[in-house]
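Survey of secondary and tertiary structure
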Amino acid sequence: MLRLIKHEYKNHGIRPFMLDLSIAMFIVANSLAWVLPLSSSPLVIVVLFVFLLFLFGSKLRIQSFKPMYIVVFSLLLFVEAFIRIGFSDFDEDTNKYLTEFVVLGIPSMFMANTSFRPYKVLEIICALSVPFVFYVWGLNMITSKIDYGYWMGISYGIVKYIIVLFLVIFFIRKSNLAIRLLLLAVLFSYILFYLEYASRGAILAVIISIGLFYLVYKNYSIKKTVLLLLLLSVILSILFYGMLQTIYYFLQDQGIESFALHKMLFMDDITNGRENLSKNGIEIFMNSPIIGFGAGIYEREYGRGYIHNCLIQFLDEGGIVYFVVMLVVIGKSFKYVFDRRLSNDERYFMAFLISGGFVQLLFSSYFWGAQCFWLMIGYAFFLSNKLKYISHENTTSSI
């Protein structure tokens, strides 16, 4: 890390590096908070430090304020909740969601609209992953399995390191051979940990990320990608269960008991209760399909937990209106992965944000405090603005 800072300072000055560092640290802020020797609000300390770096590195030069549309639409869901239940009955979960959106969500969208360098951000995350692997292997996951929330947090917290390591080592490949070999050893250590302890959603996020990176690497079009996905769907529908069994028993022979594979193969309810959560969520949506019930409705209705699916959460809290608004931006995010007018670094970075931010929210957690998800939303606006500028320049030059 010190060598990287010295190189950046010599070639570009300190401000660009501080901006890239702030974005990288913000992406992995949750895991950085784990290692702080603080018992009270470690994430708040990390985020405040990141904001200071960001202010210094960016000088608040935001290139597009279009994410403000999403900010306004999202804040209206809290206004709606306030109108429906009143300020005095504003519950703890809704307060938490509002705080997380203001502290993590809104800044994410505007941080994504600055002149940071995508590859440098990925490079810094790789550098942070090296010392962090020792922390991960120092965890006592046997006793931690009792605390399922903590265990899931660890599983999803390190997924971004694994995704970035795969990307930098096997797809971008700008680093020299010695550094890539070092990172490969780090990745192998994470994978050993993941095979035994990772949740199904976290493993799926890694698999999808590799698929998206491959599509960028091969420069596939959307049409070719759809055909490939259809073919894979047919193959997996026939061979999926047998493949899982083969992998599970192979890992057992190596002394690795995969928690995720065991659940997929031997649980009576493979969804682990998520099917019932989805049904409950759809029932809520049907009672107010146009504008929803405002932020935090599932928690208010059932008293605990959350929906575990961001798409149904969009419908419950904001109805069809908010669902369509968010789906359009998410769809554009996927579209930009295939847009050849963008640089490979930008396309890879968007694929990373989709894998590390959006995929997880289809199976677990909630979107209000997911900074990687909101970075994806903000980055979609940034790339949209850039493509409009490119089109304008091409039109002007052709006249």
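Residues numbered from 1 in each chain as written. Predicted model: local features only at pLDDT ≥ 70, side-chain atom pairs only at ≥ 80, totals over all residues. Heavy atoms only, no water.

**With respect to the overall build of the protein chain**
Applicable threshold: Helical segments are the DSSP runs of H or I of at least four residues, strand segments are the runs of E of at least two, and each set is numbered from the N terminus. Throughout, exposure labels follow a simple rule: accessible area from a 1.4 Å probe, protein chains only, divided by the maximum for the residue type, with under 20% read as buried, over 50% as exposed, and the rest as partly exposed. Residue contacts are counted whenever heavy atoms from the two residues lie within 4.5 Å of one another. Surface accessibility follows the Shrake-Rupley procedure with a 1.4 Å probe radius. Residue values consider only the protein chains on display as shielding.
When you go through the protein chain residue by residue, the secondary structure sums to 19 helices and 0 strands. Taking all 399 residues of the protein chain together, 50% fall into the buried category. In the protein chain, the share of contacts with a sequence separation of at least 24, taken over all contacts with a separation of at least 6, comes to 75%. Carbon and sulfur atoms make up 67% of the accessible area of the protein chain, which amounts to about 19,500 Å² in all.

**Looking at the environment of Tyr69**
In this fold, Tyr69 is placed in helix α5 (residues 68-85). Taking the C-alpha atoms as reference, Tyr69 lies 9.5 Å from Val325; in sequence the two are 256 residues apart.

**Quick word on the side chain of Asp316**
Of note, Asp316 is situated in helix α17 (residues 310-337). Leave out the neighbours within four places in its chain, and Asp316 touches Gly281, Ile284, Phe285, Gly292, Phe293, Gly294, Ile297, Tyr298 and Ile307.

**Let's talk about the pattern of salt bridges**
Under the convention used in this document: Counted as salt bridges are all cases of a side-chain nitrogen of Lys or Arg within 4 Å of a carboxyl oxygen of Asp or Glu.
Under the criterion given, the structure shown has 7 salt bridges. A salt bridge links Asp20 to Arg117, with the nearest nitrogen and oxygen atoms 2.5 Å apart. Here the residue Asp20 occupies a position in helix α2 (residues 14-27), and Arg117 occupies one in the loop between α6 (92-111) and α7 (118-137), the gap between them amounting to 97 residues. For Arg117, a relative accessible area of 22% translates into the label partly exposed.

**Notes on the confidence of the model for the protein chain**
Using the following cut-off: pLDDT expresses, on a scale from 0 to 100, how confident the predictor is about each individual residue.
Confidence in the prediction of the protein chain, expressed as mean pLDDT, is 86, and 89% of residues score 70 or more. Per-element confidence in the protein chain ranges from a low mean pLDDT of 54 for helix α8 (residues 141-144) to a high of 97 for α17.

**Some words on the side chain of Glu80**
With respect to the secondary-structure elements, Glu80 resides in helix α5. Residues contacting Glu80, with those up to four places away along its chain left out, are Ile291, Gly292, Phe293, Gly294 and Glu317.

**With respect to the environment of Asp91**
For Asp91, the position within the fold is in the loop between α5 and α6. Here Asp91 falls in the buried class, since its relative accessible area comes to 18%. Discounting chain neighbours no more than four positions away, the residues touching Asp91 are Ile85 and Arg300.

**Comments concerning the nonpolar core**
Within soluble globular proteins, side chains that are nonpolar generally end up buried alongside one another. Put simply, the test is: By convention a nonpolar core is built from buried Ala, Val, Leu, Ile, Met, Phe, Trp, Tyr and Cys residues, the set being connected through side-chain atoms within 4.5 Å.
If you look at the biggest cluster of nonpolar residues, it comprises 112 residues, and the most contacted ones within it are Ile27, Tyr190, Phe352, Trp368, Phe373, Trp374 and Ile377. Apart from the residues lying within four places of it in its own chain, the contact partners of Trp368 are Ser74, Leu77, Phe78, Tyr97, Glu100, Phe101, Gly105, Ala295, Gln313, Glu317, Tyr322 and Trp374.

**Focus on α2**
The line we're drawing: Take the residue count of a helix, subtract one, and multiply by 1.5 Å to get its expected span.
Helix length check: α2 (14 residues) gives 20 Å between terminal C-alpha atoms against 20 Å at 1.5 Å per residue, within 8%. Every buried residue of α2 is accounted for by Phe17, Met18, Leu19, Asp20, Leu21, Ser22, Ile23, Ala24, Met25, Phe26 and Ile27.

**Quick look at the packing of α2 against α6**
When two helices pack together, their arrangement is given by the angle between their axes and by how far apart the axes lie. We count it as follows: Axis lines are fitted to C-alpha atoms, over the contacting stretch for helices. Their N-to-C directions set the angle, which ranges from 0 to 180 degrees. Two helices crossing with the near one rotated counterclockwise from the far one by less than a right angle form a left-handed crossing, whereas a clockwise rotation gives a right-handed crossing. Classification convention: Asp, Glu, Lys, Arg as charged; Ala, Val, Leu, Ile, Met, Phe, Trp, Tyr, Cys, Pro as nonpolar; all other residues, Gly among them, as polar.
In contact at an axis separation of 12 Å, α2 and α6 are set at 145° when each is read in the N-to-C sense. Considering only the axes of α2 and α6, their crossing is left-handed. On the side of α2, the interface is formed by Ser22, Ile23 and Phe26, while α6 contributes Val103, Leu104, Ser108 and Met111. When the residues that make up the contact of α2 with α6 are grouped by side-chain class, the tally is 5 nonpolar, 2 polar and no charged.

**Some points on the packing of aromatic side chains**
Both the distance between ring centres and the angle between the ring planes are used here to describe each pair of aromatic rings. Our working rule: Only Phe, Tyr and Trp rings take part, Trp by its six-membered ring, and two of them pair if their centres are within 6.5 Å. Stacked means planes under 30 degrees apart, edge-to-face means over 60, and tilted covers everything else. Note on geometry: a ring has a charge over it if NZ (lysine) or CZ (arginine) is within 6 Å of the ring centre and within 35 degrees of the ring normal.
What the rule picks out here adds up to 34 aromatic pairs. Centroid distance Phe101 to Trp368: 5.2 Å. Interplanar angle 75°. Geometry classified as edge-to-face. Linking Phe101 in helix α6 with Trp368 in the loop between α18 (344-358) and α19 (371-398), this pair joins segments that are 267 residues apart in sequence. Accessibility classification places Phe101 together with Trp368 in one group, the buried group. With 5.7 Å between their ring centres and 80° between their planes, Trp137 and Phe193 make a pair best called edge-to-face. Of the two residues, Trp137 sits in helix α7 while Phe193 sits in helix α11 (residues 177-197), which places them 56 residues apart along the sequence. Taken together, the aromatic side chains of Phe78, Phe101, Phe314, Tyr322, Phe367, Trp368, Phe373 and Trp374 make up a single cluster linked through ring pairs. We note Lys174 situated over the ring of Tyr119; from NZ or CZ to the ring centre the distance is 4.7 Å.

**Some words on the environment of Gly296**
For Gly296, the position within the fold is in the loop between α15 (274-287) and α16 (297-302). Placed 201 residues apart in sequence, Gly296 and Asn95 show a C-alpha to C-alpha distance of 8.8 Å. Not counting chain neighbours up to four residues away, the residues in contact with Gly296 comprise Thr94, Tyr97 and Glu317.

**Here's the deal with the packing of α7 against α11**
Spelled out, the test is: The labels follow the angle: roughly parallel below 35 degrees, roughly antiparallel above 145, roughly perpendicular from 65 to 115, and oblique for the rest.
Following both chains from N to C, one finds α7 and α11 inclined at 40°, their axes separated by 10 Å at the closest point. By the angle class used here, α7 and α11 are oblique. Remark: the crossing between α7 and α11 carries left-handed chirality. Contacts between α7 and α11 pair Cys126, Ser129, Val130, Phe132, Val133, Val136 and Trp137 from the former with Leu183, Val186, Ser189, Tyr190, Leu192 and Phe193 from the latter. Its residues assigned to classes, the contact of α7 with α11 shows 11 nonpolar, 2 polar and no charged.

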